[in-house]
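The lines below spell out each chain.
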Amino acid sequence: MSKPRILSIPHGRHRWLLALAHVGVTRAFYLPGFSPQEYQDGEQVDLKVNKLTSVKTQLPYAYYSLPYCQPKKIMESVENLGETLMGDMIENSPYEIKMRVNETCKELCKVKLDDVQKDKFRSMIEDEYLVNWMLDNLPAATRYRRPGGEFTYMDGFLVGIMQNGHYFIHNHVTLDIQYHSNPEKYEGYRIVGFEVEPRSSGAKDVAQACSPNVAALDLDKQDEILYSYDVRWTYSEVPWASRWDSYLKMTGGQIHWFAILNSLLILVFLSGMVAMIMLRTLHRDITQYNEVATAEEAREETGWKLVHGDVFRRPRFSTLLAVSVGSGMQVLGMSVVTLFFAVLGLLSPAHRGSLLQSMMLLFTLMGILAGYTSARFCKVFEGDEGRWKFTTLMTAFLYPGLFFTIFFLLNLCIWGVKSSGAVPFTTMFALLVLWFGVSVPLVFFGAYAGFRKPAIELPVKVSAIPRAIPEQAWFSQPLFTSLVGGILPFGAIFTELFFIMSSIWLHQFYYLFGFLALVLCILMVTCAEISIALTYFQLTAEDYNWWWRSFLSSASSAVYVFLYSIMYLNSRLHMDKTVSVILYYGYMFL
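Residues numbered from 1 in each chain as written. Predicted model: local features only at pLDDT ≥ 70, side-chain atom pairs only at ≥ 80, totals over all residues. Heavy atoms only, no water.

(A) Here's a closer look at the state of the cysteines. All chains considered together, the criterion is met by one disulfide. Across a sulfur-sulfur distance of 1.7 Å, Cys69 and Cys109 are joined as a disulfide pair. Between Cys69 and Cys109, the disulfide has an S-S torsion of -90° and is therefore left-handed. With Cys69 in the loop between strand E2 (47–49) and helix H2 (81–86) and Cys109 in strand E5 (residues 103–112), this pair connects stretches of sequence that are 40 residues apart. Just as Cys69 is buried, Cys109 falls in that class too. (Disulfide = S-S within 2.5 Å. Helix = DSSP H or I, 4+ residues; strand = E, 2+ residues; numbered from the N terminus. Buried < 20%, exposed > 50% of the residue type's maximum accessible area, 1.4 Å probe, protein only.)

(B) Expanded view of empty space enclosed by the protein. The full count for this structure, using the stated rule, is four cavities of 30 Å³ or more. In this structure, the largest cavity is lined by Tyr63, Tyr68, Tyr95, Val131, Trp133, Phe157, His170, Asn171, Val173 and Tyr227. For the lining of the largest cavity, the class distribution of residues is eight nonpolar, two polar and no charged. (1 Å grid on protein atoms, 1.4 Å probe; cavity = no way out; pocket = protein on both sides within 12 Å on 5 of 7 lines; lining within 4 Å. Points joined across faces, edges and corners; volume = space filled by probe spheres on them. Nonpolar A, V, L, I, M, F, W, Y, C, P; charged D, E, K, R; others polar.)

(C) Representation of the packing of aromatic side chains within the structure. Considering all chains together, one arrives at 31 aromatic pairs under this definition. Ring geometry for Phe340 against Phe341: centres 5.5 Å apart, planes inclined by 70°, an arrangement best described as edge-to-face. For Phe341, a relative accessible area of 35% gives the class partly exposed. An aromatic cluster is defined as three or more aromatic residues linked by ring pairs; in this entry it consists of Phe490, Phe494, Phe498, Phe499, Tyr560, Tyr564 and Tyr568. Lying over the aromatic face of Tyr186, Arg190 brings its terminal NZ or CZ to 3.7 Å of the ring centre. Positioned above the aromatic ring of Phe451, the side-chain terminus of Lys379 is 5.1 Å from the ring centre. (Phe/Tyr/Trp six-rings, centres within 6.5 Å; stacked < 30°, edge-to-face > 60°. Lys NZ or Arg CZ within 6 Å of the ring centre and 35° of its normal.)

(D) Seen up close, the sheet that holds strand E7 (residues 133–135). Strands sit in the order E3-E2-E7-E8 across an open sheet of four strands; the sheet is antiparallel. Looking along the sheet, the strands with just one partner apiece sit at the ends: strand E3 (91–92) and strand E8 (138–139). Relative to E3, E2 is paired through two bridges, and the arrangement is antiparallel. Paired with Lys48 across the bridge in E3 is Asn92. (Pairing = 2+ DSSP bridges.)

(E) Representation of the nonpolar core in the model. Phe121, Trp133, Leu175 and Phe194 are the most contacted members of the largest nonpolar core, which totals 58 residues. Here this core gets five residues from one element, more than from any other, and that element is strand E16 (residues 224–235). Formed by 14 residues, the second largest nonpolar core is a distinct cluster that contains Phe490, Tyr560, Leu569 and Met575. (Core = buried A, V, L, I, M, F, W, Y, C linked by side-chain atoms within 4.5 Å.)

(F) A look at the pattern of salt bridges. In the structure shown here, the tally under the stated rule is 13 salt bridges. A salt bridge links Asp41 to Arg100; its shortest N-O distance comes to 2.8 Å. Residue Asp41 is found in the loop between helix H1 (13–25) and strand E1 (44–45), and its partner Arg100 is found in the loop between strand E4 (97–98) and E5; the two are separated by 59 residues along the sequence. With a shortest N-O distance of 2.9 Å, Asp136 and Arg243 are connected by a salt bridge. In this pair, Asp136 is assigned in the loop between E7 and E8 and Arg243 in the loop between E16 and helix H5 (245–248), connecting sequence segments 107 residues apart. When its relative accessible area of 8% is taken as the criterion, Asp136 is described as buried. The class for Arg243 is buried, based on a relative accessible area of 3%. Linked through salt bridges whose partners overlap, the residues forming this network are Asp119, Arg122 and Asp220. (Salt bridge = Lys/Arg side-chain N within 4 Å of Asp/Glu carboxyl O.)

No statement about biological role is implied by the geometric values presented.
Here's what the structure looks like:
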């Protein structure tokens, strides 16, 4: 959606004051998505075009890859990192639109088609590609009436439709633009709505293009397309601050309350279970241990008290565990800070690409948290002589390297089908600069700070000889308990997960960041409680290898997320192209 442009302001205190003073007395300082822009009667309003998108393929293409009318000189708008990663290509268009000037059946151009262009149109129509336009940073929306009479909006409009084996192109559009004015507060008019009514017209000249009796443009029967458009200005009582409300109705946000209620019920159930363990079982055990024991009972301790000398024993693959926890803290820190700014409204859908760009930058900056956490765990496991340098290198390169490698391979697949969604190599180089130039040094700085701190003092000493672990029941095996532990965290988020995946893969707007922040808090508490519960049950069975299991009992919820993505693909997306399926599973794996 719309996003702020980066403006350069001169350095220096006096220049800053002059710039701010200039902002106060003029309307020239305009950040799209943040500040409204007023237009005067007859003033030019630019219509910009964006990529062609499809839910069925997930492969965007440039707007002018189809034989549409082109301006004399195609100019691309400056894009931020988030727009580039999403494959946005915002360009100018030849449409002439002036504030409050209606147009009827205005000819745009005529385009002759060859067989290759016709085949491209047919392929795009079969894959249900959408045309995406923007006017004053508002996306073009198509309005539909639901069975109950309520209107709903779809972002963009179809390239064309297929009926009975025939392909019909939408070559005539009616641009319904709503504006608002308030002479008491500002001069001019503000655009508050942008709807498009597409139609297929087989007219040979502009005089017949708007006739209600004209036949649709059958791609198989005509070799020339006449593009035309209407402009209809309508006054609206909707203020500029509320102009996104109609777009945000597309997600059916009432169900979010069900998601919150579902998550809270799971949290209450789990909290009750943990409270029962802590207040009843643990209290009973402590009372039993504190009773005056006979000499025979004193020699036969049972339960978790037996393993107190082994409970902090260094686990296998301790370096990998430290790296995994550190990288997890990096992702958690990025998520918390991103949601904080999103709740404040700074990362709303109106600011195109800002959410993804912020996540990338924050993930880079949170490298300091990853290094600090990994170093602290490394010192617990290995002491002052621990391999903190090796651990730090692994933290800086293992998971980020895995992510970048998969992303690079997926980008090669997109590049192979000549989609505009392929990230340019200059942007890939910029990502490498962020990684090696910012993230890696921050990881080392955080690790240095963490390793200089005194080691976390353990409440008990580790015995010299490891205690033999009794044979465990089948339901106490690590794989089973880890998979069971991931069910409740996944259950706390799966309803909200549906809306997030719809936003990503169905190109819908997601804006209820307050709900998402609450779900994140519930998820963190749920993960902590399920780890506490399963660790306690494991220790009562005299199995002190709890480090990895406490980590995996919550991390295994990712397995259920991936399984849910398989079901979502089969039930909602219906992809049939190999590259599209590879992209879907590749990104869902990440």
